[in-house]
Amino acid sequence: ALALAAARAGREVVLWGRDPAQMRAMPASRRNARYLPDAELPPSIRPTADAAALADADFVLMVTPAQSLRAVAASVAGALAAGVPVVACAKGIERGTGALMSDVAAQALPGRPVAALSGPSFAQDVGAGLPTAVTLAAEDEGLARDLAGALGSASFRLYHASDLLGVELGGAAKNVLAIACGVTQGRGLGASANAALIARGFAEMARFARAYGARAETLMGLSGLGDLVLTCNSTQSRNFSLGVALGQGESVATADHGKLAEGAATAPVLAEKARARGVEMPIAEAVAALLAGRIDVARVIEGLMGRPQKAE
């Protein structure tokens, strides 16, 4: 989807993937049959499984699952020119290290400036050219501005930011909270419960991000509140869909229906990082416990609703 967005911005795109068979099929079909079968790839997108084709890239978008980013980045490190900017597009926290995606990219690809792209954007919408707005962040605001300008088009609007930490923390936390909202949907608890969960989930997200040094206004933007609202209300969200299945009684082992839900891997890491800073995140803790099989859905709901009364 981001390759299509870049092509609409007038860029020549090298679309690299690790599956040789899949990449060989794309030039003839002009389709990504696995993920976006309805979107035709324009001539400006060149699919390849040869990492050497990335050598002349002006910048690189790392569109890979959060838990695979380190391995994928390492596999192309030798092909990327020194100093080429790298944009991490996954939303999550690495298991084992607790590292954010920009940190993973910086460690795996030393000597390259790092940025992150986040915000309310379903791949199907971006692929279809529907109006979408996201945030591109880098600690060097000039780099963020340049990258946003290089990717922006009539249908894909980018805001630039220098609060890289806040943008990434919002993107990671919203996936976990979307699972909780899916549970309320699957359980049939109603729109009022879902709205309350979004509001209280946002409060958790904001507390967590502030504790780690993010700016409050970042969480109010596209990569925080905007992405949270999107993913907590639609079955296009794999995290929300996972929660729906759990709420309907499916087991943790099968509820993802074979689709990647980043929040499932992020939940225990998010809860651990919150505890490390003394941040109260009962919804995230409940999701982590549910996914680990320590409690069931009924106890999650009972625990959240039975918490002591307090000021908002």
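Just above sits the structure.
Remember, it's a predicted structure, so these values are computed and weren't measured experimentally. (Residues numbered from 1 in each chain as written. Predicted model: local features only at pLDDT ≥ 70, side-chain atom pairs only at ≥ 80, totals over all residues. Heavy atoms only, no water.)

### So, the nonpolar core
One recurring pattern in soluble globular proteins is that nonpolar side chains are buried together. The criterion, for reference: As used in this record, nonpolar core signifies buried Ala, Val, Leu, Ile, Met, Phe, Trp, Tyr and Cys residues forming a set joined through side-chain atoms within 4.5 Å. Burial here depends on accessible area, computed with a 1.4 Å probe over protein chains only, as a share of the maximum for the residue type. Under 20% is buried, over 50% is exposed, and the range in between is partly exposed. Note on conventions: DSSP H or I runs of at least 4 residues are helices, E runs of at least 2 residues are strands, and numbering of each starts at the N terminus. Contacts were defined at the residue level, with two residues in contact if any of their heavy atoms lie within 4.5 Å.
The biggest cluster of nonpolar side chains holds 46 residues, and the ones touching the most others in it are F208, L246 and L270. The leading source of residues in this core is helix α7 (residues 164-187), at 10 residues. With residues up to four places along the chain from it excluded, the contact list for L246 reads I179, V183, S251, V252, A255, L290, L291 and V297. By size, the runner-up hydrophobic cluster in this structure holds 30 residues, among which are A3, L4, V126 and A150.

### Some remarks on the pattern of salt bridges
Should their charged atoms come close, side chains of opposite charge can pair. Counted only if it meets this: Any Lys or Arg side-chain nitrogen found within 4 Å of a carboxyl oxygen on Asp or Glu counts as a salt bridge.
What the rule picks out here adds up to six salt bridges. One salt bridge connects R70 with E94, and the closest N-O pair in it is separated by 2.7 Å. Placement of R70 in helix α3 (residues 69-76) and of E94 in the loop between β6 (86-88) and α4 (101-108) is noted, with a sequence separation of 24 residues between them. Ionic pairing is found between D227 and K174, a salt bridge with its closest N-O pair at 3.8 Å. Separated by 53 residues along the polypeptide, D227 in helix α10 (residues 222-231) and K174 in helix α7 bring together distant segments of the chain. The buried category is assigned to D227, whose relative accessible area is 1%.

### Details of the sheet that holds strand β7 (residues 114-118)
This is how the line gets drawn: Pairing between two strands requires that DSSP report at least two bridges joining them. Here an axis means a line fitted to C-alpha atoms, over the contact stretch when the element is a helix, while the angle between two N-to-C directions is reported on a 0 to 180 degree scale.
Reading across from one edge, β5-β6-β7-β8-β9 is the order of the five strands in this open sheet, with mixed pairing throughout. Edge positions in the sheet fall to β5 (60-62) and β9 (156-161), since each of these pairs with one other strand and no more. Across the sheet, the mean angle separating the axes of adjacent strands is 30° when strand polarity is ignored. Here six bridges tie strand β8 (residues 132-137) to β9, and the two strands are oriented parallel to one another.

### A few points about the packing of α7 against helix α12 (residues 262-276)
To keep things clear, this is the line we draw: Put simply, angles under 35 degrees are roughly parallel, angles over 145 are roughly antiparallel, angles from 65 to 115 are roughly perpendicular, and the rest are oblique.
Here α7 crosses α12 at 105°, and the two axes come no closer than 8 Å. With respect to each other, α7 and α12 are oriented roughly perpendicular. Counted together, A172, A173, N175, V176 and I179 of α7 and E262, G263, A264, T266, A267 and L270 of α12 form the full contact between these two elements.

### A look at the environment of A274
Within the secondary structure, A274 sits in helix α12. Linking A274 and V252, residues 22 residues apart in sequence, is a C-alpha distance of 23 Å. Sequence-distant contacts of A274, that is, excluding residues within four places in its chain, are made with F208, V279 and M281.

### Focus on the environment of F240
Tracing the chain through its elements places F240 in helix α11 (residues 238-247). Judged by relative accessible area, F240 falls into the buried class, the value being 4%. Between the alpha carbons of F240 and D256 there is a distance of 10.0 Å; along the sequence they are 16 residues apart. The residues touching F240, leaving out its near neighbours within four places in the chain, are A178, C181, G182, Q185, T231, C232, N233, S234 and T235.

### Points about α12
Keep this limit in mind: Multiply 1.5 Å by the residue count of a helix minus one, and that product is the helix's expected span. Two axes enter the definition of the bend at a residue: one is fitted to the seven residues ending there, the other to the seven starting there, and the bend is the angle between them.
Helix length check: α12 (15 residues) gives 21 Å between terminal C-alpha atoms against 21 Å at 1.5 Å per residue, within 8%. P268 marks where α12 bends most, by close to 30°. Check the buried side of α12 and you find it contacts α7, α8 (191-211), α11 and α13 (282-291). One or two residues past the end of α12 sits G278, with phi positive at roughly 70°.

Geometric values such as these leave the question of function open.
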